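Each chain, letter by letter, is given below.
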Amino acid sequence: MEFKNLLIETADGVATLTVNRPQALNALNSEVLTELASAFYQLEYDPAVRVVVLTGAGDKAFVAGADIKEMAAMSSFEGHQFALKGQHCMMAMEKMKTPVIAAVNGFALGGGLELALGCDFIYASEKAKLGFPEVTLGIIPGFGGTQNLARLIGKSRANELIFTGRMITADKAQAWGIVNEVFAPEELLVKARETAAAIASVGPLGVTYAKNAIANGLNMGKEDGFRYEASLFGVLFATADQKEGMGAFVEKRKAAFAGR
Ligand code: HXC
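All values reported here derive from a predicted model rather than from experimental measurement.

*Asks:* Could you give me a rundown of the side chain of R21, with the residues and numbers involved?
*Replies:* With respect to the helices and strands, the residue R21 is situated in the loop between β2 (14-19) and α1 (30-44). Within the structure, R21 has its side chain in polar contact with the backbone oxygen of A27 (distance 2.9 Å).

*Asks:* So what's going on with the site of the ligand? Which residues, and what values?
*Replies:* The full set close to the ligand counts 24 residues, and K60, A64, A66, K69 and G111 are the nearest of them. Between the ligand and the protein, one listed contact pairs an oxygen atom with a backbone N or O atom of A66 at 2.7 Å. Expressed as a share of its isolated accessible area of 1000 Å², the protein-covered part of the ligand is 67%. Elements supplying a minimum of two residues to the shell around the ligand: α2 (68-71), α3 (76-95), β6 (107-109) and α4 (111-118). Sorting elements by how many residues they give to the shell around the ligand places α2 first, with 3 residues. Looking at the shell around the ligand residue by residue, the class counts come to 14 nonpolar, 5 polar and 5 charged.

*Asks:* Which residues make up the pattern of salt bridges, and what values do they have?
*Replies:* For the coordinates displayed, the defined rule picks out 11 salt bridges. Measuring nitrogen to oxygen at the nearest pair gives 2.9 Å for the salt bridge that ties D120 to K211. Linking D120 in the loop between α4 and β7 (121-125) with K211 in helix α9 (residues 204-217), this pair joins segments that are 91 residues apart in sequence. Judged by relative accessible area, K211 falls into the buried class, the value being 10%. The partner of E251 in a salt bridge is R253, and the shortest N-O contact between them spans 2.7 Å.

*Asks:* Talk me through α3; I want residue IDs and the actual numbers.
*Replies:* Compared with an ideal rise of 1.5 Å per residue, which puts 20 residues at 28 Å, α3 spans 28 Å between its outermost C-alpha atoms and is within 8% of the ideal. Residues of α3 that are buried: F82, A83, G86, C89, M90 and M93. Axial view of α3: buried residues confined to an arc of 115°, hence all on one face. Facing away from the buried side of α3, by more than 90 degrees, are the exposed residues S76, F77 and K95.

*Asks:* Please set out the pairing of β2 residue by residue, giving values where relevant.
*Replies:* Of all 6 residues making up β2, 6 are buried, and the element is well covered by its neighbours. Looking at chain direction, strand β1 (residues 6-11) and β2 are connected through 6 bridges and run antiparallel. The partner of L7 across the bridge, within β2, is T18. Between the antiparallel neighbours β1 and β2 lie 2 residues, among them D12 with a positive phi of about 50°. Direction of pairing for β2 relative to strand β3 (residues 51-56): parallel, over a ladder of 6 bridges. When the bridges of β3 are listed, V19 appears paired with G56. Since β2 and β3 lie parallel, the crossover through α1 that links them has a hand, and here it is right-handed.

Parameters and conventions
- Residues numbered from 1 in each chain as written.
- Predicted model: local features only at pLDDT ≥ 70, side-chain atom pairs only at ≥ 80, totals over all residues.
- Heavy atoms only, no water.
- Helix = DSSP H or I, 4+ residues; strand = E, 2+ residues; numbered from the N terminus.
- Polar contact = N/O pair within 3.5 Å; in protein donor to acceptor, adjacent residues only side chain to side chain.
- Near = heavy atom within 4 Å.
- Areas by Shrake-Rupley, 256 points an atom, 1.4 Å probe, with all protein chains shown as cover.
- Nonpolar A, V, L, I, M, F, W, Y, C, P; charged D, E, K, R; others polar.
- Salt bridge = Lys/Arg side-chain N within 4 Å of Asp/Glu carboxyl O.
- Buried < 20%, exposed > 50% of the residue type's maximum accessible area, 1.4 Å probe, protein only.
- Expected span 1.5 Å × (residues − 1).
- Arc of directions from axis to C-beta.
- Pairing = 2+ DSSP bridges.
- Right-handed = clockwise from strand over helix to strand, strands pointing away.

The following block contains the structure:
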């Protein structure tokens, strides 16, 4: 499928998905959200793709937020629909069997930070700036940011970031547990793709089930989460990947996983 605002490049099991609207610092309008949802679906069912790296075009922004010019004219009903549409994208990433790594190459603000938080984990460039400036516009985050950030870093830090609308550096975001690693700008994509390749080289069903166990388990009580983990663990013993992975260990050879 051809996209107006997205670029997709695939090599060795790793797809790089780039939000490509640099004239608006990759801001998310309704059209970009529609395209992102289609792209996630396409990538999830592309047998050539095992991991996705999500980034922004240009050297300034990952995504500078939802499109303020489009939102400025929205009615209450349209605002609600727009929030639901963005949330659908974030949920689509969480439900995808394919892991998604955010490579935050510049501003990740508002809906842009929400997009990064919707990914499985975040790498950032030294020059990235992250924040939720929504309160400066008289609104709140609406693409799941209040929920995902508070679950990730706890209520106090989420409150401070969201109530002030301030931007933080990549280093502070790392210290707060939002960002896993910070790299020089020219290293960011290389490192994100290296990690993606490492994930692409292990058993794909194991990765998918681990993602599923962690994402769904976070929405459960601990005992239910333990039970859920044990059932997924058991299911994997019915797969060729488990036979291959353990067989290869015993036979001292490299496993060749088929993903089934
Ligand atoms: C629409 C945007 C935009 C945005 C930047 N642009 N961010 N357009 N929506 N979120 C456009 C600018 O209008 C400008 O286009 C071009 O991109 C370059 O931006 P500048 O402002 O000229 O760049 P600079 O001076 O370097 O400032 C960078 C910046 C600033 C600090 C990131 O652009 C900024 O504050 N942007 C808005 C950030 C923000 O508030 N995001 C949260 C949005 S609310 P023109 O053509 O005008 O020159 C949100 C809600 C999510 O995300 C939930 C919804 C349900």
